[in-house]
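Take a look at the letters that make up each chain.
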Amino acid sequence: GRSPPGYTEYSARSGGTPRAGPTRAAMVAHQLHRLNAPMAGEYSGHHYFQDGYLGFDDAIYATFRMLSILAREKTYLSDYMADAPRYVSSGVTNIPISEGKKLTVIPALQKTLATQYFVEVNGGLRVKVGSDWAVIHPSGTESLLRLVAWSKTPEQASQTRDSLLDEINKLI
């Protein structure tokens, strides 16, 4: 999965069953239906709800859905999210790469990184670097690899991103 680590932690702590899966609307909608999950989301900001319409993916709908929940619970968003884990994102780093190389670099990177870190493969790599997390995946629409890291501080997120970027650059 390409979701931030805080989502996975908070979902599990709240009784949910976080699952990593493929991205792109059709694949997420399929997983949502197959698992009979109430919602799904992607780091890109797409959120899908099984709420009267399979795979609803709309920011305005998501906003009003959240407002509806807050009104029903008679609480504020800040109260609702007070105990949610907080991570800082490095932001997405786009790494230009040829289409041919894009297909071979992920397996090579997996092999290299797995000697030092926990690596999960799912359409790309999800890497645990100490207490930080990072995702490296090929773009589905451009000749790019995308890298993002999450940590508790901006400095650490940048350090983790830079360390992984060094490893990627050795292979490309």
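Higher on the page you've got the structure.
Here's a quick rundown of the structure. If you're wondering where the values come from, they're calculated on a predicted model, not measured in any experiment.

1. A short note on the overall build of the chain
So, step 1. If you tally the helices and strands in the chain, you get 6 helices and 9 strands.
So, step 2. The proportion of buried residues among the 172 residues of the chain is 37%.
So, step 3. Residue pairs at least 24 apart in sequence account for 50% of intrachain contacts in the chain once pairs closer than 6 positions are excluded.
So, step 4. Carbon together with sulfur atoms contributes 56% to the accessible area of the chain, which is approximately 10,000 Å² in total.

2. Comments concerning the pattern of salt bridges
So, step 1. The full count for this structure, using the stated rule, is 5 salt bridges.
So, step 2. Between Lys102 and Glu99 there is a salt bridge whose closest N-O contact spans 3.2 Å. Of this pair, Lys102 and Glu99 both sit in helix 5 (residues 99-113), separated by 3 residues, roughly a single helical turn.

3. Side note on the pairing of strand 8 (residues 132-138)
So, step 1. Among the 7 residues that make up strand 8, 6 are buried, leaving the element largely enclosed by the rest of the structure.
So, step 2. Relative to strand 8, strand 7 (residues 125-129) runs antiparallel, the two sharing 5 bridges. The partner of Lys128 across the bridge, within strand 8, is Trp133.
So, step 3. The antiparallel hairpin formed by strand 7 and strand 8 contains 2 residues in its connecting segment, where Gly130 sits at a positive phi of about 65°.
So, step 4. Pairing of strand 8 with strand 9 (residues 144-151), which is carried by 6 bridges, proceeds in the antiparallel orientation. Each residue of the ladder has a partner; that of His137, found in strand 9, is Arg146.

4. Concerning helix 6 (residues 154-171)
So, step 1. An ideal rise of 1.5 Å per residue puts 26 Å on 18 residues; helix 6 measures up with 26 Å between its terminal C-alpha atoms.
So, step 2. All buried positions along helix 6 are accounted for by Ala157, Thr160, Arg161, Leu164, Leu165, Glu167 and Ile168. Seen along its axis, helix 6 keeps its buried residues to an arc of 160°; they face one direction. Away from its buried face by more than 90 degrees, helix 6 exposes Glu155 and Lys170.
So, step 3. The elements touched by buried residues of helix 6 are strand 4 (88-89), strand 5 (93-96), helix 5, strand 7, strand 8 and strand 9.

5. Observations concerning the environment of Thr8
So, step 1. Relative to the elements of secondary structure, Thr8 occurs in helix 1 (residues 5-13).
So, step 2. Since its relative accessible area comes to 25%, Thr8 is described here as partly exposed.
So, step 3. On a C-alpha basis, the gap between Thr8 and Pro18 in space is 5.6 Å, while along the polypeptide they are 10 residues apart.

6. Topic: the environment of Ala59
So, step 1. Looking at the element boundaries, Ala59 is found in helix 3 (residues 59-73).
So, step 2. As a C-alpha pair, Ala59 and His47 span 12 residues in sequence and 7.6 Å in three-dimensional space.

What counts and what doesn't
Residues numbered from 1 in each chain as written. Predicted model: local features only at pLDDT ≥ 70, side-chain atom pairs only at ≥ 80, totals over all residues. Heavy atoms only, no water. Helix = DSSP H or I, 4+ residues; strand = E, 2+ residues; numbered from the N terminus. Buried < 20%, exposed > 50% of the residue type's maximum accessible area, 1.4 Å probe, protein only. Contact = heavy atoms within 4.5 Å. Areas by Shrake-Rupley, 256 points an atom, 1.4 Å probe, with all protein chains shown as cover. Salt bridge = Lys/Arg side-chain N within 4 Å of Asp/Glu carboxyl O. Pairing = 2+ DSSP bridges. Expected span 1.5 Å × (residues − 1). Arc of directions from axis to C-beta.

Purely geometric numbers; function is a separate question.
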